[in-house]
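# Notes for the structure review
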Amino acid sequence: MNILMICGQLWPQSSNNSNILKTLLSHLAQNHRIHLLASASSLDALPESIDGFPVHWVTDTHRGFIRRFLLPAAARCIDPNGFSDALQAMLIVRRALELKKEFPFDAIICSMEPVPAGIAGAFLPFSGKRIVYLMDPPGMVCDENNNTTF
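Residue indices begin from 1 for each chain and proceed along its sequence in written order. The model is predicted, so local features are restricted to residues of pLDDT at least 70 and side-chain atom pairs to those at 80 or more, both for listing and for counting; the totals for chains, interfaces and linings are taken over all residues. Excluding hydrogens and water, the side-chain values take into account all heavy atoms of the structure.

On to the overall build of the protein, then. What counts as a helix is a DSSP run of H or I of at least four residues, what counts as a strand is a run of E of at least two, and both are numbered from the N terminus. Regarding its fold elements, the protein presents 4 helices and 6 strands. Shown N-terminal to C-terminal, the secondary structure of the protein runs as helices and strands in the order β-α-β-β-β-α-α-β-α-β. Throughout this description, buried means an accessible area under 20% of the type-specific maximum (1.4 Å probe, protein chains only), exposed means over 50%, and partly exposed covers the range between. By residue count, 38% of the 150 residues in the protein fall in the buried class. Whether two residues are in contact is decided by their heavy atoms: any pair within 4.5 Å suffices. Sequence-distant contacts, at least 24 apart, represent 53% of the contacts inside the protein between residues at least 6 apart. To be clear on the numbers: accessible area is Shrake-Rupley with a 1.4 Å probe, and residue cover counts the displayed protein chains and nothing else. Within the structure as shown, the protein displays about 8,900 Å² of accessible surface, and the carbon and sulfur contribution to it stands at 55%.

Below, the structure is given as structure tokens:
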């Protein structure tokens, strides 16, 4: 199975959540092909792989009409109070759709930290399996009186 992992910051330093997700890679890689998709804060010397896994970067280099006008307008409709998360999610979705042509993934694993990764996983037009990892889930997700640790 081909798996696309959408995660938080990977370069130059990994976020805590990305580090946790990366621990799954060695286990998943035994039976699956895995590619990583992560946002890049700059275009300076982005590695093509991390820990031996191919990385595809979401860069915000296209400042054309779609990026400057259409995506922000759509993001405000989706998330009027915090449209920057929705905007970043839409950039991730656009990159994932481009990537699907060269790496036909069958499943997506994404994280809710950063929030745009989870939103992108939900909005991506894709019929395969989706897994969303919740780090420190809110009380509404689990019984608040239960001392279960995730």
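Glancing now at the packing of aromatic side chains. Classification of ring pairs uses Phe, Tyr and Trp, with its six-membered ring standing for Trp, and accepts pairs whose centres are within 6.5 Å; under 30 degrees between planes counts as stacked, over 60 as edge-to-face, and the remaining range as tilted. Inspection of the entire model under this criterion finds 1 aromatic pair. Look at Phe105 and Phe126: their rings are 5.3 Å apart centre to centre, the planes differ by 50 degrees, and that puts the pair in the tilted class. One end of the pair, Phe105, is in the loop between helix H3 (83-102) and strand S5 (107-111); the other, Phe126, is in the loop between helix H4 (115-123) and strand S6 (129-133), and 21 residues separate them in sequence. For the pair Phe105 and Phe126, a shared accessibility class is recorded, and that class is buried. Two conditions define a charge sitting above a ring: the NZ of Lys or the CZ of Arg must be within 6 Å of the ring centre, and it must be within 35 degrees of the ring normal. Directly above the aromatic system of Phe105 lies the positively charged group of Lys100, at a separation of 4.7 Å from the ring centroid.

As a further point, take unusual backbone geometry. Both trends apply: most residues other than glycine have a negative phi, and most peptide bonds are in trans. Positive phi is not limited to glycine here, since Asp51 has a value of about 55 degrees. Residue position: Asp51 is located in the loop between strand S3 (49-50) and strand S4 (53-58).

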